Each structure stands twice: as C-alpha cells, then as structure tokens.
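Close look at the chain arrangement
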Amino acid sequence: MSEEKTTPKIEPTFDEDGNACYQLFTTPKEKNILQRCVVYPDRVIPVIFIPGVMGSNLRNNDKQARNIWRLDSKKELVLYWFGENAKTRRKKLDPKKTTVDDGGKIDDKKEPFLLKTRRERGWGTVGYESYGTFLDWLQNTLNDFENGHSNERTNLLKTALELEVGDTSVSKEEVDLTFRYLFPVFAMGYNWLQSNAVSAVALNKYIDEKIQFYRLKGRQCEKVILITHSMGGLVARHYTQILGGENKVLGVIHGVMPALGAAATYRRMKAGTENGAGNVKGWGVAKVLGSDAETMTAVLSQAPGPLQLLPGREYGLGWLKIIDDKTIYALPNECPYSEIYLKQDQWWGLCEDQFINPGKSFSQADRDRDWRTFEKILQREVMPFIEDLSGKFHHNTWSFYSADESYKSYGDVSWQASTPQIEAWLNRNRQRDGLTGRAVNKTEMSDKRNVASSLSGSGWAKGIHQTYKLLPAEEAGDGTVPVRSGRINEHSLQARFQVSVEHEPAFQNLLAQQFTLRALVKIVQKIQ
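Figured I'd write up the structure that's included with this text.

Its place among the elements puts Asp 17 in the loop between β2 (13-14) and β3 (20-21). On the basis of relative accessibility, which here comes to 47%, the residue Asp 17 falls in the partly exposed class. Leave out the neighbours within four places in its chain, and Asp 17 touches Leu 216 and Lys 217.

Counting residues in each nonpolar core, the largest one holds 86 residues, and the members touching the most others are Ile 48 and Leu 226. With eight residues, the single largest contributor to this core is helix α13 (residues 364-389). If near-sequence neighbours (up to four positions away) are discounted, Ile 48 is found in contact with Phe 186, Met 188, Leu 203, Tyr 206, Ile 207, Val 224, Ile 225, Leu 226 and Ile 227. Among the nonpolar cores identified, the runner-up in size contains 44 residues, and Ile 106, Leu 177, Ile 253 and Ala 495 belong to it.

Here the focus is the pairing of strand β12 (residues 320-324). Counting buried residues in β12 gives four out of five residues, a clear majority hidden from the surface. Here β12 pairs with strand β13 (residues 327-331) via five bridges, running antiparallel. Its bridge partner lying in β13, Lys 321 is registered against Ala 330. The loop that links β12 with its antiparallel partner β13 comprises two residues; one of these, Asp 325, has a positive phi angle of about 60°. In terms of strand pairing, β12 meets strand β16 (residues 413-418) through four bridges, oriented parallel. For Lys 321, the partnering residue across the bridge sits in β16 and is Ser 414.

What follows deals with the packing of helix α3 (residues 128-143) against helix α16 (residues 510-524). In contact at an axis separation of 12 Å, α3 and α16 are set at 40° when each is read in the N-to-C sense. Taken together, the axes of α3 and α16 are oblique relative to one another. Classified by chirality, the crossing of α16 by α3 is right-handed. Mapping the contact onto sequence places Phe 134, Trp 137, Thr 141 and Leu 142 in α3 and Gln 513, Gln 514, Thr 516, Leu 517 and Leu 520 in α16. A breakdown of the residues in the contact of α3 with α16 according to their chemical character gives five nonpolar, four polar and no charged.

Within the secondary structure, Ser 130 is located in helix α3. Apart from the residues lying within four places of it in its own chain, the contact partners of Ser 130 are Glu 504 and Gln 508.

Conventions we followed
- Residues numbered from 1 in each chain as written.
- Predicted model: local features only at pLDDT ≥ 70, side-chain atom pairs only at ≥ 80, totals over all residues.
- Heavy atoms only, no water.
- Helix = DSSP H or I, 4+ residues; strand = E, 2+ residues; numbered from the N terminus.
- Buried < 20%, exposed > 50% of the residue type's maximum accessible area, 1.4 Å probe, protein only.
- Contact = heavy atoms within 4.5 Å.
- Core = buried A, V, L, I, M, F, W, Y, C linked by side-chain atoms within 4.5 Å.
- Pairing = 2+ DSSP bridges.
- Axes fitted to C-alpha atoms, helices over the stretch in contact; angles between N-to-C directions.
- Parallel < 35°, antiparallel > 145°, perpendicular 65-115°, else oblique.
- Left-handed = near helix turned anticlockwise from the far one by under 90°.
- Nonpolar A, V, L, I, M, F, W, Y, C, P; charged D, E, K, R; others polar.

Interpretation in functional terms is not warranted from these geometric data alone.
Structure (structure tokens):
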C-alpha cells in the first residue's frame, strides 16, 4: 500500500542580486514526497506611507546625533518634553539643526521576498505610537498569499462600505489581480519642521531610489502607491502636482488631510495646544506639545512646515471673529496673510513678536529683527506653498475624513469680549473698537488677552479695558481638522469616506483601514 503523498513547501532564499534560490533534498521514491517551491511575483508596486506633522522621528544633525523627537511610546515623549520651556524648545526643534531619525521602534518580521527589511524600508523613521500597528497590519495583509478564501483581501468580497462619493466595492477579478504583485510597504519620515516643499523633493528622490532598486534586482517596477496621514498629504500633493511626479504614482490615499488648512494652527500659536476643560489627558498632551503661546510660537515661528497648515485663501473668508456683544468683526475680508498672519501690531495677529525668541530678544529692536525673519518665512515659503497647491490633486485620489460632533474642531476661531458692567453702562452710548485695541499685558499667553479698546464719540474716557477669551471649537471634525477642510471636493476624488476618528490615531481605526485596503485594490486596477 502506497504512502499518502506529502508536499512540503520550500521557501526561497535570495542572493545579493535578488535571485531566488531553493534548497531541495533527495528522498526515496517510495516516500512519495512532492517538493513545492514557493514562487513570489516578480512585479512590484512599492506602497509608501507619509506621516503627518510631528509623526516622524527627529534627531540632531551634528556628530552626536541625539534623538530629540522619537515616538516609540507616549511615556518616552512625556519624559523628554513634558513642561520643557520655550527657549529650550526653540533651540532643540530648529529645522536647520535637525534631521530624520531612523532608529525608532518597529515590529520586525522576516520577509526576504521583499528584498529589504522593515527597518531598511523606513519604518523606524515614523512614530511607532501612531503608525506601528497600522504598518504591520498593512504589510501582513499584502503579504498574505496562503490563506486563500480567508485572507483580508478576499474577505473584501463579503462586506461593503457606505461612501459619500465613489465606490469601493470589489470583484473577485479585481482582488485576484492584486495577488500578482508584491507590495513592499515603505515609510518615509521627513523633517516636519522644514518646508513641505523640501520634503516633497526628498520624496521625489525616495521614489526614484525604490523603483530603481527593484529594477536592478530584475523586478518589474514602474510606479508607487502613496498613503498619507494629515500633513503628509500636502507633501504628496506638492510632489505629484507641483514637482511633476504624478506619472510615477498610481494613486494616492489621503487620511484626515487638512486640504484647505487647519484654523487650529492659529489657535495653537495664540494659546498653545487645546486641552479641553477638565481633560487630564488633553492637559498632558498640551504640556508635551506646547501648552501656551510662548512655547508654540518659539518653535512654529521658525518652522515653515507646520505654518503651511494655516488656512489659505481657499479656506474662505471671515473665519477669525472678534466678538463684542452685538458687534462682530470677521477676518479675513480678502487675504489671510496680510490681514491676520503678518499683523505685528495687533493683539489678535497670528504671531506675537515677544514670544518668537524667548530668553534672547529683550529690546524692541531685537523683536523687530525676529519679526522680519518670521515675515520672510511667511512670504517666501508658506504663502507660495499653500496657494500653489490650491485645488490641485492627483487624478487618482481617495480620501477619508471625520465629521464627528464628538471631535469638535476649529473651523472658525472666535475671541469673545467681556466688559466690566459699570464701565459698559457708563459708556453705553459709545462704540467700542476691540479690533484696533491695544494689548495691556504682553506677557499673556493663554486663551485670554486684556485689551484697551478705543471708544467712539466724546466723553471723559478715551478707552475701556476688556478681556477677550478664545471660545471652544464648535465644528464637527476629528479634533484638529474641521469638516470644511477634511471633506475634499468630490470633483477631485475617486471616492470619499466619512468615518468617526480622532486625528492622530486615524489609521488605527478598523473602518479607516478597510477603506485604505479597498482603495489600494481599486488603484491597482489602473495598471496599464
């Protein structure tokens, strides 16, 4: 009686040229053993993940190369940055003295058929706390050639997502096509302090290097797929639409991208990271990221990247409101740059010169010098970047965003006046003008400003003291990006999915992951 046939799998090893090598063994014929060599596809589509602002690990670019912003864990970040003063933050987080740190934590795994390790594919350059589980899930899903009808790609046939725009339903033929390709997942960390235009140039080089690498290993590789989080979407868009990289990219998947900008950027420069009343977790986050105007302005005033998240002209008019009883001033009327961001002498202007270079600039001459440097960054790097990108998207763009009322976001930013009752009554027939008012105390750096507002008409008082307070965020969103900016115009998209997520951990959401996988399958169908 013959023995039952066995079929052991023989996994290949790969030489330095990328050639598959199989170690077979001899067996007696009567053993009835059939050796099965595992053959992986020779066509490769690199998938490149681009993180959001503060999502890349950074180190000093000097000989010591000390890591200064590493997101291996929240505990590590808290221990390093909790309560750090503005002067130290400005010194450490200088875009000219920092570079990407590739030594971050990763979930390693042997994947020799991809020809590069996960660290070589850049996983250590991005924050593990935010992206580690997503990258691992995505790569494992795209590596799954063995589970047949039970793998995640095949399971897409059994479920559906309800979209606002487009369609991510997939057929068996569309899913099957993806098994004819290898999808090595890369992560491109970048110096988020520098201009996103500079990071887009780095992306251009990064993509060329990956395509060339696989070609030299004898693989067919022509284009990549980009997946972006938040500000990483701006890097990708600048690369594809401004630097001419569109033809090297099969498609782009954006997650919670502030397509028109984020008014929260203004709020943070005026009062620090929002923490929410009574929110202990939010308070801790604010203490790490910057809890007041001084700690935020000291860094952001020298950092083009985060400033490029400011609302541009396309965001709309009148989103900054100065409210005094029934009188409401709404800015901008035409241009946010000249009317808000470059107003040095107004208490409600974006950047307060006394906070730019704390501990070093004491005289007004010093502050004017600091202001001129900030002004050049706004005029030469921020405004052109934002406006050149307006309305421009890759022709094969897919996007998800949040419109959850639980995650209030700054769509408008409002300063609400409080006036002492007796003074308000004594001057009840005179118009107050908080818009042209003067800051009484230039050390104020939280969500309140004491202002000496002028009074119209005649009377014994020339002005009146008022306290202006920032109102809480009111627009639905993800806690950072409001609906108006996250919901990209449908004419620019293949599909748009609304999912309830917070901004930073957006890609940890299962529905967001499912949309990403479905979008990737659909993008692959565009291969010529």
